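Single-letter residue listing:
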Amino acid sequence: MRARTVLLSLVAAGLLWGCGGQHDPRSGGFFGGVAGLSGGSYDNRVKEREARLEELRATQAQLDAEKGQLETQKSAAQAKVSQDQAKVDAMQADIAALEKKTSTLSSQQGADQKRVAELQKRLDGLKTGMRKQESSLDALEGSGLGDAEVDLKRQQLEKQRDALRKEYDLLMKMQMELAK
Amino acid sequence: MRTARVLAVLLVALASAQCLHAAPLEAIRDILRRHLPHPPDEAALAALSEDDLQGRLRDIDPYARVFSGGEYRVPLGSSGSWIGIGAGLAMRAGGPVLHVYRGGGAERAGLPDRSRLLEIDGVSVREQDAETIASRLRGEAGSTVRLRVALPGGGEKPFTVRREAFSPLDVELVPPGSQRVVRIRDFAGGLTRPAMRATLDFLDRTTAADRSAPLIIDLRDAPGGDLYEAFDLAGLFLPAGTLLGTIRGRDGYALEIRSPGGDKYSMPLTLLVGPETASSAEIFAGILRQHDRVRLVGQTTYGKCSSQTDARLSDGSVLRYTNREVLFPRGDTCTGQGLTPDLAVGDDELDMLSRLVKRAQSLYE
Amino acid sequence: MKKIVNVLVVVLLVCALLPGCATMSDQTRTKAEGAGVGAVLGGLLGYAVGGGEGAAIGAAVGAGAGFLVGNEIAKRKQAYASTEDFLDAEIANTQEYNKTAIAYNAQLSKDVAQLEKESTALRAKYDKGQVDKKALAAKSDSLQKKIDDSKKLEDTLAKELEVQTAILEDEKKTRPADDQYIVRLEKEVAALQKNLDTLRDGSTQLAKIDQRLSV
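Note that the structure is a prediction, hence the values are computed from the model and not measured.

Draft legend 1. Region of the structure containing the overall build of chain C. The number of helices and strands found in chain C is four helices and two strands. Along chain C, from the amino end to the carboxyl end, the secondary structure elements read α-α-α-α-β-β. Taking all 215 residues of chain C together, 37% fall into the buried category. Sequence-distant contacts, at least 24 apart, represent 64% of the contacts inside chain C between residues at least 6 apart. Carbon and sulfur atoms make up 62% of the accessible area of chain C, which amounts to about 12,400 Å² in all.

This is the structure:
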């Protein structure tokens, strides 16, 4: 009888020992096992873990979704930046071209101005020269004649002077005669 | 009474004002009455007034004119010098015509003599009067003007002419010298005859032709000039003592003019004449013609063989009036009918010197 | 009977008390304990059934059955342990994953913000550049116009120069060399004329129609 009681109490103790709190299926031996199995603590443990995993999975999904969004955003932003950069590059190329053109035109205009100033100078010089020539020719009282005609003009003048002198002398003589 | 006195004073004032500032009409009447070759009609004389004086004068004497003291220029000497294209502007029925003077800008630009002016600087001259056209042609020395003209031979052409100081020759030698064409545009007292002599001597020296080669004198643009100079010039071509003509005036005034002594020219002469050959030029031509000394080629001349003189009036103005009539040796005058040419040409040919020269030369073949 | 019990107690106690039991794998222990319990139960049954000998047979049988039960339990425990291990691993993985993901996403956010900043800067640059470009284009156009005007002026001047040069050449050809003699002659002639006019006393006979207009 005593043996039975001892054994039974041992089993009970074992069982009791097995129950109570978390039982890790990796330990606790047979009794722990029985306790865990029957007490449901093994199940609870699994359930706990499953719930935790569920939570984590939910967070993971969220994070994945976020990641997806952010990645889309990022690639869109990158595309935009590339676009903007391309625009800026194109514009800078235009500006560079314009600057080049402007400097070419500027130097061309500078050269043109010089040429025009020169032409103007030459023209003015020509006109001055002509005026000088004219003023020295004005001394000819603008007879405006060609070479052969100068001779003719000269001769006409000489003859006219001689004839007038003659007439003048004659008239003077007559006047003096009349005065007598 | 007072009103009458005031009125009287006013009337007197007006009358004296008239006397002071009006042309001395009585003096004019007096001169005309006494000196016109033919006595004027008294009624016409009475009609003379301040109102349209020039017009009424012309009714009495077509060449009479009053110049104010400021505008009168003694008709002495050659045409002077000016700044321009070197041409004379004449208004004909068909429009303005340019007489291109030798040695001027127009001639140098190649503008032919007697071209009909169409446009100045791209603007037409149609409907414009002589003064307007002349002022458009004038400008500063050194400036240029674009002219569009109708050429004497036909066709139109533009010319760019430079304006410059210019004085015309008293006698022009038309090139080439070998064709022996000289031109007289004006009979300038004391100047034209010696100029003609100089020119003829020049021709003799510079051309191969001898002194006896025919001479052509172009008188198409010769509105006249000093009467005595015309006689003297005629005398160059006629033996000394030849009766050239008679200058007749009022009260039996008749002065015979004879060819003077000195060097003479005996070469055959042809004169180119036209409707603008007038007065002294006609007298010159008529005298030579009556002595069979010339042939006339061209068209009938103007028809004025009268001569005018100038009288200074008390207010400083000058009255020009006709006081002499010129008669040719046979006693006739050209006044009214002009001289008819021996060889008549059409209007187009009259402006083409080369044609006329050919015609003139043909007369001596 | 006593012997068996003694043995069992000793075994149990030893196993319970000695941590060294832990070193023996739990599985082995479970199975052993199961066997032990089985043996006891079997023994009890055997004892209940067959006296002392029966207890031993019963114990032996019981141990075998207990061992089987222990085995079962061990298997189940194993299963749970494996499941837990699996879940733990998954949990750890997922945790790890999430940690990485959070960091990655944070970086992505930063990147996006940075890119947007860049974009804004580029746009500003572009806008400014457009202004500069416009200014340059305007400058270029004005220069071009100046050049065109210059060209026109140049052409005009060149033409004018041509004309004036031609005129000057022409002048030189046709103008004579200084002839002061002609000047003197003209002066003399004019003077003589004037004197003659005074002598003639202003009486002229003019046979002329309208004078030409000199132009």
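What follows continues from the structure just given.
Draft legend 2. Representation of the overall build of chain B. For chain B, the count of helices and strands is eleven helices and 20 strands. Counting over 365 residues, chain B shows a buried share of 53%. Residue pairs at least 24 apart in sequence account for 67% of intrachain contacts in chain B once pairs closer than 6 positions are excluded. Entry remark: accessible area of chain B is about 15,900 Å², with carbon and sulfur atoms responsible for 51%.

Draft legend 3. Layout of the state of the cysteines. Residues and elements named next belong to chain B. Applying the stated rule across the entire model yields one disulfide over all chains. Note that Cys-305 is cross-linked by a disulfide to Cys-334, the S-S spacing being 1.8 Å. Looking down the S-S bond of the Cys-305 and Cys-334 bridge, the torsion is 110°, so its handedness is right-handed. Separated by 29 residues along the polypeptide, Cys-305 in the loop between β17 (294-298) and β18 (306-312) and Cys-334 in the loop between β19 (318-327) and β20 (343-344) bring together distant segments of the chain.

Draft legend 4. Inspection of the environment of Ser-119 of chain C at higher detail. If you trace the backbone, Ser-119 of chain C turns up in helix α3 (residues 26-174). On the basis of relative accessible area, Ser-119 of chain C is assigned to the buried category, the value being 4%. Beyond its immediate sequence surroundings of up to four residues, Ser-119 of chain C is in contact with Lys-80, Val-81 and Asp-84 of chain A.

Draft legend 5. Representation of the packing of helix α7 (residues 192-206) of chain B against helix α8 (residues 227-236) of chain B in the model. All names here are of chain B. Contact geometry of α7 with α8 gives a least axis separation of 9 Å together with a crossing angle of 30°. As far as their axial angle goes, α8 and α7 are roughly parallel. Where α7 approaches α8, its residues Thr-192, Arg-193, Pro-194, Met-196 and Arg-197 are matched on the opposing element by Glu-229, Asp-232, Leu-233 and Leu-236. Among the residues forming the contact of α7 with α8, the class breakdown is four nonpolar, one polar and four charged.

Draft legend 6. Fine view of the layout of surface pockets. Empty space within the largest pocket amounts to approximately 1,500 Å³. Around the largest pocket sit 48 residues that line it, and Arg-320 of chain B together with Lys-208, Ile-209, Asp-210 and Gln-211 of chain C are the ones nearest its centre. Sorting the residues of the lining of the largest pocket by element identifies β1 (65-67), β10 (171-174) and β13 (224-226) of chain B together with α4 (180-200), β1 (206-208) and β2 (213-214) of chain C as the ones contributing at least two each. Taken together, the residues of the lining of the largest pocket sort by class into 20 nonpolar, ten polar and 18 charged. When residues are assigned to domains, the lining of the largest pocket turns out to be shared by domain 1 (74-166) and domain 2 (171-303 + 338-362) of chain B, each giving three or more. Estimated volume of the second largest pocket: approximately 1,100 Å³.

Draft legend 7. Quick peek at helix α6 (residues 130-137) of chain B. By the burial criterion, the buried members of α6 of chain B are Ile-133, Ala-134 and Leu-137 of chain B. Burial along α6 of chain B is one-sided: seen end-on, the buried residues are contained in an arc of 100°. Check the buried side of α6 of chain B and you find it contacts β3 (87-92), β4 (95-100), β5 (115-120) and β7 (144-150) of chain B together with β2 of chain C.

Draft legend 8. Focus on the pairing of β4 of chain B. All names here are of chain B. Here β4 lies mainly inside the structure; six of its six residues are buried. Where β3 lies against β4, six bridges are found, and the strand directions are antiparallel. Bridging across to β4, Arg-92 finds its partner in Gly-95. In this antiparallel pair of consecutive strands, β3 and β4, the connection spans two residues.

Draft legend 9. Summary view of the interface of chain A and chain B. The interface is formed by 20 residues belonging to chain A together with 25 residues belonging to chain B. Seen at the junction of chain A and chain B, the total is one salt bridge. Measuring nitrogen to oxygen at the nearest pair gives 3.1 Å for the salt bridge that ties Asp-201 of chain B to Lys-159 of chain A. Between chain A and chain B we count seven residue pairs in polar contact (both at pLDDT 80 or more) in total. Those elements that provide at least two residues to the side of chain A that touches chain B are α3 (41-138) and α4 (147-179) of chain A.

Draft legend 10. Structural detail: the nonpolar core. Residues and elements named next belong to chain B. With 46 residues, the main nonpolar core has Ile-217, Phe-237 and Phe-284 as its most contacted residues. Sequence-distant contacts of Phe-237, defined by excluding residues within four places in its chain, comprise Leu-200, Leu-215, Ile-217, Tyr-265, Met-267, Leu-269, Phe-284, Leu-288 and Arg-293. Of all hydrophobic cores here, the second largest spans 19 residues; its members include Leu-98, Ile-133, Ala-134 and Val-161.

Draft legend 11. Here's a closer look at unusual backbone geometry. Residues and elements named next belong to chain B. Pro-176 follows Pro-175 through a cis peptide bond whose omega is -5°. Considering the arrangement of structural elements, one finds Pro-176 in the loop between β10 and β11 (181-184). The phi dihedral of Asp-121 is positive, around 50°, even though this residue is not glycine. Looking at the secondary structure, you find Asp-121 in the loop between β5 and β6 (123-124).

Draft legend 12. Inspection of the confidence of the model for chain C at higher detail. Residue and element names in this part refer to chain C. Across chain C, pLDDT averages 76, with 68% of residues at or above 70. Within chain C, the element-level pLDDT minimum falls on helix α2 (residues 20-23), averaging 49, and the maximum on β2, averaging 90. Confidence drops under a pLDDT of 50 for residues 18-22, and excluding neighbours within four residues, the segment shows four contacts in the predicted structure. Under the prediction, the complex receives an ipTM of 0.83, its pTM being 0.58.

Draft legend 13. Just the sheet that holds β17 of chain B, in detail. All names here are of chain B. Taken in spatial order, the six strands line up as β10-β11-β12-β16-β17-β20 in an open sheet, and their pairing is mixed. Two strands in the sheet have a free side with no partner beyond their single neighbour: β10 and β20. Pairing analysis gives four bridges linking strand β12 (residues 215-218) to strand β16 (residues 269-273), with the strands arranged parallel. Note on β16: the bridge partner recorded for Leu-215 is Leu-269. Contacting β10, β11 and β12, α7 crosses the sheet at an angle of about 25° to β10.

Cut-offs used in this document
The numbering scheme is per chain: residues are counted from 1 as the chain's sequence reads. For naming, the first written chain is A and the first written ligand is 1, with later ones following in the order written. Where local features are concerned, this predicted model is filtered to residues with pLDDT of at least 70; where side-chain atom pairs are given and counted, the filter is 80 or more; whole-chain, interface and lining totals use all residues. As a rule here, side-chain values cover all heavy atoms of the structure and leave hydrogens and water aside. Counting from the N terminus, the helices are the DSSP runs of H or I reaching at least four residues and the strands are the DSSP runs of E reaching at least two. Burial classification: accessible surface area is computed with a 1.4 Å probe over protein chains only, and a residue below 20% of its type maximum counts as buried, one above 50% as exposed, and the rest as partly exposed. Contact definition: two residues touch when any of their heavy atoms are within 4.5 Å. Method for areas: the Shrake-Rupley scheme with a 1.4 Å probe, in which residue coverage is limited to the protein chains shown. Any two cysteine sulfur atoms lying within 2.5 Å of each other are counted as a disulfide. Lines are fitted to the C-alpha atoms to define the axes, a helix being fitted only along its stretch in contact, and any angle between axes, read from their N-to-C directions, falls within 0 to 180 degrees. For this classification, under 35 degrees means roughly parallel, over 145 means roughly antiparallel, 65 to 115 means roughly perpendicular, and everything else is oblique. When residues are grouped by polarity, Ala, Val, Leu, Ile, Met, Phe, Trp, Tyr, Cys and Pro land in nonpolar, Asp, Glu, Lys and Arg in charged, and all others, Gly among them, in polar. Definitions used for this entry: grid spacing 1 Å over protein atoms alone; cavity, a set of points where a 1.4 Å probe fits but cannot get out; pocket, an open set with protein on both sides within 12 Å along at least 5 of 7 lines; lining residue, one with an atom within 4 Å of a point. Grid points are joined across faces, edges and corners, and a volume is the space filled by probe spheres set on the points. Those domain boundaries reflect an automatic or database domain assignment. Directions pointing from the helix axis toward each C-beta atom define the arc. Any two strands are treated as partners once DSSP identifies two or more bridges connecting them. The term salt bridge refers to a pairing of a side-chain nitrogen on Lys or Arg with a carboxyl oxygen on Asp or Glu at a separation within 4 Å. For the purposes of these results, a polar contact is taken to be a pair of N or O atoms within 3.5 Å, where, inside protein, one atom must be able to donate a hydrogen and its partner to accept one; residues adjacent in sequence count only when each atom of the pair is a side-chain atom. To form a nonpolar core, buried Ala, Val, Leu, Ile, Met, Phe, Trp, Tyr and Cys residues must be joined to one another through side-chain atoms within 4.5 Å. On a scale of 0 to 100, pLDDT captures the predictor's confidence in every residue.

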